[in-house]
Amino acid sequence: MPYQTLTNIRVIDASTGIAGPYCGKMLADYGAEVIKLELPDSPDMSRDAGAFPDGVRHPEKSALFLHLNAGKKGITLDPSTTDGRHIFTQIAAQADVVIESYRPGQMSDWGIGYHELRGMRDDIVLTSVTPYGQSGPHKDYEYTELTIFAAGGGMHREGLPEREPLRYGAEIAQYFSGTTAAAATMIALFGVAMNGEGEWLDISIQECMAGHPHQIGRRTPWIYGGEPDPRKPPRLAAAGMREPYAVGTFRCKDGYVSFLPLGSRMWPQLARMIDRADLIGDARFRTADDRTERRLELEGIFQAWFDEHTRLQVFAAGQREGLPCAPIMQTDEALHNEHFRQRDYFVDLIHPDAGELTYTGLPFRLSDAPITTNTPAPRLGQHNAEIYEDLLSIDAPLLAELCAKGVV
């Protein structure tokens, strides 16, 4: 349900994949008019990514595309052609922001780079989201989530010490980069409002991941003391400066729970949570070093208690003692979770091809801004007639001619 806070902002989203489109999605979620631009013969790659209903591949039914592009309008255009370049510049001249993820230098080669766009209007914001940035020896390299995570310096310490390094699950680097790009775009728009000057934002997915707060924390031992950060057993790896015996994931009566207590001060609370206040004065566990040295013994005591309690019982006991813990919910459980439902977090949208599906809600809420009903992701070129006629006065015969030439 988009907030109507950016209703005076028009965005051309000419990006593909995840990071750039997620940037555009965040702007659309808060009221910007976002026009999704796709190449006629090479649409957004996420249309082919899935998942698909019943496992049947269909460019209008990809869950990833539907998620990333809800709330946007959709047009097709090939800006590499002479007519396409002319049309792109006309549209961009009426936009506040252009998001793109072409290879570095591609837009300039087409004659629609930042300096060309800036020549039309001083206040344009160009947000370029690429794997390795607009400069440097790797600027033209291709990437996947795996390779960008590996090259960012964080992968070497993930996984079991006796096995190969692992990356985080899902597309953390790309979504984090998209979030960063959206925040940077808003900062640039604030600058436009203050001084009327536009900006070219160079968003490197690799650098966003290298600067992720979790990665920065893990680099501290080397930066400050020259100490490497090798892979460790899971609880030791997750603990950091915390005591490892109650860190991470534990099996319980009906599934799993996750813990991350914040240091030694929580030891008495942990002991009380499992109804073992007697452990607080136990000489074996008097200090943090004692408890860490005997962590396997303590893990056994904790596990015996977990085995007799459900996830929600553990959750309630932990919250009663002020401990950071939570049940690990499966996807269907999260969708039907009463807390999410009472806050109307999940949203159901009906797409003409994919049908009714459930979408995640907005990442943050505003207290006073009006809210409107969201729209599903556009079909390929769905809004061609509307956008080209309204913005450029291109009538139906001319649009048909451009389509026949492969421009639109």
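Above this text sits the structure in question.
This section reports on the structure supplied with the text. (Residues numbered from 1 in each chain as written. Predicted model: local features only at pLDDT ≥ 70, side-chain atom pairs only at ≥ 80, totals over all residues. Heavy atoms only, no water.)

### A short note on the overall build of the protein
- Regarding its fold elements, the protein presents 18 helices and eleven strands.
- The principal-axis extents of the C-alpha atoms in the protein amount to approximately 85 × 50 × 45 Å.
- Among the 408 residues that make up the protein, the fraction classed as buried is 45%.
- Taking the contacts inside the protein whose residues are at least 6 apart along the sequence as the reference set, 68% of them involve residues at least 24 apart.
- Of the roughly 20300 Å² of accessible surface on the protein, 55% is carried by carbon and sulfur atoms.
- The protein carries 39 positive and 56 negative side-chain charges, and their two centres are separated by 7 Å. (Helix = DSSP H or I, 4+ residues; strand = E, 2+ residues; numbered from the N terminus. Buried < 20%, exposed > 50% of the residue type's maximum accessible area, 1.4 Å probe, protein only. Contact = heavy atoms within 4.5 Å. Areas by Shrake-Rupley, 256 points an atom, 1.4 Å probe, with all protein chains shown as cover. Lys, Arg positive; Asp, Glu negative; His and termini not counted. Charge placed at Lys NZ, Arg CZ, Asp CG, Glu CD.)

### A few points about helix H1 (residues 19–29)
- Along H1, eleven of the eleven residues are buried, which leaves the element largely enclosed by surrounding structure.
- Ala19, Gly20, Pro21, Tyr22, Cys23, Gly24, Lys25, Met26, Leu27, Ala28 and Asp29 are the residues of H1 that are buried.
- Of the residues flanking the end of H1, it is Gly31, one or two places downstream, whose phi is positive at about 105 degrees.

### Considerations on the sheet that holds strand S8 (residues 255–259)
- Reading across the sheet, the three strands line up as S7-S8-S9 and stay open at both edges, with antiparallel pairing between neighbours. Among the strands making up the open sheet, the edge pair consists of strand S7 (248–252) and strand S9 (325–327). Along the sheet, successive strands turn relative to each other by an average axial angle of 25 degrees, direction set aside.
- For S8 and S9, the ladder comprises three bridges, and the chain directions are antiparallel. Looking at S9, one finds that Val257 is bridged to Pro327.
- Against the sheet, helix H13 (residues 295–306) makes contact with S7 and S8, and its axis sits at roughly 45 degrees relative to S7, the strand it touches most. (Pairing = 2+ DSSP bridges. Axes fitted to C-alpha atoms, helices over the stretch in contact; angles between N-to-C directions.)

### Examining the sheet that holds strand S6 (residues 199–204)
- Judged by pairing direction, the sheet is parallel, and its six strands sit side by side in the order S3-S2-S1-S4-S5-S6 without closing on themselves. Here the strands that pair on one side only, and so sit at the sheet edges, are strand S3 (73–76) and S6. With direction set aside, neighbouring strand axes in the sheet form an average angle of 20 degrees.
- Here strand S4 (residues 97–100) runs beside strand S5 (residues 125–130); their pairing, made up of four bridges, is parallel. Paired with Ile99 across the strands is Thr127, a residue of S5.
- The strands that helix H17 (residues 384–392) touches are strand S1 (10–14), strand S2 (33–38) and S3; relative to S3, the one it contacts most, it runs at about 85 degrees.

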